[in-house]
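An overview of the molecular structure
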Amino acid sequence: MTAPASSPLAGPLANSAFLAAARGETPSHTPVWFMRQAGRSLPEYLKIREGVGMLESCMDADLVTEITLQPVRRYGVDAAIFFSDIVLPLKAVGVDLDIKPGIGPVVASPVRTLTDVDAIPDLTPEHVPFITQAVKQLVAELGATPLIGFAGAPFTVASYLVEGGPSKEHAKTKAMMFGAPDVWDALMRKIGGIAADYLRIQVEAGASAVQLFDSWAGALTPGDYAEHVMPHSARVLASAGELGVPRIHFGVGTTNLLGLMGEAGADVVGIDWRTPLADGIARVGDRVVQGNLDPTLVFAPTDVMTARAASVIEEGRAAKGHIFNLGHGVIPSTDPGQLTALTEFVQAYPI
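Residues numbered from 1 in each chain as written. Predicted model: local features only at pLDDT ≥ 70, side-chain atom pairs only at ≥ 80, totals over all residues. Heavy atoms only, no water.

**What about the sheet that holds strand S9 (residues 322–326)?**
If you trace the seven strands from one edge of the open sheet to the other, you get S1-S4-S5-S6-S7-S8-S9, paired in parallel fashion. Among the strands making up the open sheet, the edge pair consists of strand S1 (80–81) and S9. Summarising the sheet, strand S6 (residues 247–251) and strand S7 (residues 268–270) pair through three bridges and their orientation is parallel. Directly across from phenylalanine 250, in S7, lies its bridge partner glycine 270. (Pairing = 2+ DSSP bridges. Helix = DSSP H or I, 4+ residues; strand = E, 2+ residues; numbered from the N terminus.)

Below you can see the structure in the form of structure tokens.
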């Protein structure tokens, strides 16, 4: 992947270890950031979110800016991740949904028909002016620290829309996929278009990388993923690729899909903690990997945590490039002090 002439890599971000690793170059140190680093484990986050709903906070540019910056200030990580939610673009275009505490996204009228799909508007910058404002504010504040744009992948967002909320079995989703392929294809194209536009808005405002997050893709077989999901994720990643920024693709429980997720157009493939990093590297081929310390290891003694982190870094040497991360998001009860110690350990580890 070659950055365009207008790339910010010639400016403050020229020495970014994160962006160097994402491009498969040799960074000054192993870069580290944490999925869900901005959020529930930070006391400063809990304080600023008091009395403010999740989606409400995601639509307030000043709150998004502050929440995104909090872990960068505290930990000194090598990248910021834009604070948002995978269903935020749907809310912005008018889908009747909310995030219920302890449950997750709940959709008032689940999608069942082509008419339901047609009723979902396409996303335009006018729907999300707060996103453009927040990204511009963040880039100005972050300086030499890159900002990662964020979007939910089509399959995961489709599952919420079809199921009406979180699901373990994804039975209604798969019933549509197999039994009403015309509706499924239309829905995935609609959501894929929204995701692509959402990422484009973030990049055009200044984000210097993107992550496409597929929470539920692990519920699929490789064959079903390749036929019914991969083409739609590929279109989102191709759109981001036109902007010249590194593209990270991450899914949960996706050991058997890692090769396909890379082939969908990822420059960096996130590997969750269930998959040994060496195995994941073999599966993704000549691509950068991201991961993959078990998030529960931050609850172990610090020396145990850092010993396991060292093993992850050593395994990562076999890849085209390696960005250190947890194998999923930060657990809410995590001690921030442990993440500070982990960040310092990774950044000081010999390259």
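**With respect to the pairing of strand S8 (residues 288–293)**
Side-chain positions along a regular strand alternate between the two faces of the sheet. With six of six residues buried, S8 lies mostly within the body of the structure. Sheet analysis places S7 next to S8, joined by three bridges and oriented parallel. The residue of S8 that forms the bridge with glycine 270 is glutamine 290. At this point the chain moves from S7, through helix H14 (residues 277–284), to the parallel S8, and the crossover so formed is right-handed. Alignment of S8 against S9, held across five bridges, turns out to be parallel. Bridge pairing links valine 289 to histidine 322 in S9. With helix H15 (residues 302–316) bridging S8 and its parallel neighbour S9, the resulting β-α-β unit is right-handed. (Buried < 20%, exposed > 50% of the residue type's maximum accessible area, 1.4 Å probe, protein only. Right-handed = clockwise from strand over helix to strand, strands pointing away.)

**Side note on the packing of H15 against helix H16 (residues 336–348)**
At a minimum axis separation of 10 Å, H15 and H16 run at an interaxial angle of 40 degrees. By the criterion of interaxial angle, the relationship of H15 to H16 is oblique. Where H15 crosses over H16, the two elements pack in a sense that is right-handed. Contact residues: H15 offers Thr302, Met305, Thr306, Ala309, Ala310 and Ile313, while H16 offers Gln338, Ala341, Leu342, Phe345 and Val346. Residue composition of the contact of H15 with H16, by class: eight nonpolar, three polar and no charged. (Axes fitted to C-alpha atoms, helices over the stretch in contact; angles between N-to-C directions. Parallel < 35°, antiparallel > 145°, perpendicular 65-115°, else oblique. Left-handed = near helix turned anticlockwise from the far one by under 90°. Contact = heavy atoms within 4.5 Å. Nonpolar A, V, L, I, M, F, W, Y, C, P; charged D, E, K, R; others polar.)

**Structural notes on unusual backbone geometry**
Following glycine 291, the chain continues into asparagine 292 via a peptide bond in cis, with omega recorded as -15 degrees. Of note in this structure, arginine 36 is not a glycine but carries a positive phi near 65 degrees. Among the secondary structure elements, arginine 36 is positioned in the loop between helix H1 (17–22) and helix H2 (43–48). For histidine 170, which is not glycine, the phi torsion reads 55 degrees and is therefore positive. Within the fold, histidine 170 resides in the loop between helix H8 (154–163) and helix H9 (171–179).

These figures capture arrangement, not role.
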